[in-house]
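Structural overview for review
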Amino acid sequence: MKTSIFAAALTDVYKDEEDRELPALPKMDLGDDFTEDLTAMLFAMRVVAGRITHNSWDILEFTHVLNTLAVQHLLEDKEDKGDDD
């Protein structure tokens, strides 16, 4: 259920206000273990990215994509800072 809620929230940012799903979904309580929520967010990101890109990554492939983007961002950030020297 949490993955569905996070996926709706992520998808809603691309929809007109009257077409958004989130008001119809239940509020989630923050439990003692945030790990479950982070895992659901990760899977929701994979679901939304797959819908947009039409890729069917498994979770390891998707985390590889995220790690690649993180490294790319860090390298670009380092290059930008290097230009100021």
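Up top you'll find the structure we're talking about.
Reference entry: report on the structure contained in this document. Just so you know, these numbers come straight off a predicted model, no measurement behind them.

A tally of regular secondary structure across the chain gives 3 helices and 0 strands. Counting helices and strands in the order they occur from the N terminus, the chain gives α-α-α. What you see for the chain is a C-alpha radius of gyration of 16 Å, clearly larger than the 12 Å of a compact globule of 85 residues, by over 25%. Taken over the C-alpha atoms alone, the chain extends approximately 50 × 35 × 25 Å along its principal axes. Burial status across the chain gives 16% buried among its 85 residues. Intrachain contacts of the chain at a sequence separation of at least 6 include 42% that bridge at least 24 residues. For the chain, the computed accessible surface area is about 6,800 Å², with 56% contributed by carbon and sulfur atoms.

A cluster of like negative charges, contributed by Asp16, Glu17, Glu18 and Asp19, occupies part of the molecular surface. Note on placement: glutamate 17 falls in the loop between helix 1 (2-12) and helix 2 (34-53).

Looking now at the pattern of salt bridges. The full count for this structure, using the stated rule, is 4 salt bridges. A salt bridge links glutamate 36 to lysine 2; its shortest N-O distance comes to 3.8 Å. Here glutamate 36, found in helix 2, pairs with lysine 2, found in helix 1; they are 34 residues apart in sequence, far enough to count as distant. Lysine 2 is the partner of aspartate 37 in a salt bridge, and the nearest nitrogen-oxygen pair spans 2.4 Å. Of the two residues, aspartate 37 is situated in helix 2 and lysine 2 in helix 1; the sequence distance between them amounts to 35 residues. Each of Lys2, Glu36 and Asp37 takes part in one network of salt bridges that share partners.

Right, let's get into helix 2. Taking 1.5 Å per residue as the helical rise, helix 2 with its 20 residues ought to reach 28 Å, and the 28 Å between its terminal C-alpha atoms agrees with that figure. Listing the buried residues of helix 2 in full gives Asp37, Ala40, Ala44, Val48, Ala49 and Gly50. A positive backbone phi angle near 65° is found at histidine 54, which sits one or two residues after helix 2.

Phe6, Ala7, Ala40, Ala44 and Val48 together form the largest nonpolar core, which totals 5 residues. Broken down by secondary-structure element, the contributors of at least two residues to this core are helix 1 and helix 2. Counting residues per element, this core draws most heavily on helix 2, which supplies 3 residues. In contact with phenylalanine 6, not counting residues within four places along its chain, are Met28, Asp37, Ala40, Met41 and Ala44.

Rules used in this analysis
- Residues numbered from 1 in each chain as written.
- Predicted model: local features only at pLDDT ≥ 70, side-chain atom pairs only at ≥ 80, totals over all residues.
- Heavy atoms only, no water.
- Helix = DSSP H or I, 4+ residues; strand = E, 2+ residues; numbered from the N terminus.
- Rg over C-alpha atoms; globule rule 2.2 N^0.38 Å.
- Buried < 20%, exposed > 50% of the residue type's maximum accessible area, 1.4 Å probe, protein only.
- Contact = heavy atoms within 4.5 Å.
- Areas by Shrake-Rupley, 256 points an atom, 1.4 Å probe, with all protein chains shown as cover.
- Patch = residues over 30% accessible without salt bridge, like charges linked within 9 Å, V, L, I, M, F, W, Y side chains within 5 Å.
- Salt bridge = Lys/Arg side-chain N within 4 Å of Asp/Glu carboxyl O.
- Lys, Arg positive; Asp, Glu negative; His and termini not counted.
- Charge placed at Lys NZ, Arg CZ, Asp CG, Glu CD.
- Expected span 1.5 Å × (residues − 1).
- Core = buried A, V, L, I, M, F, W, Y, C linked by side-chain atoms within 4.5 Å.

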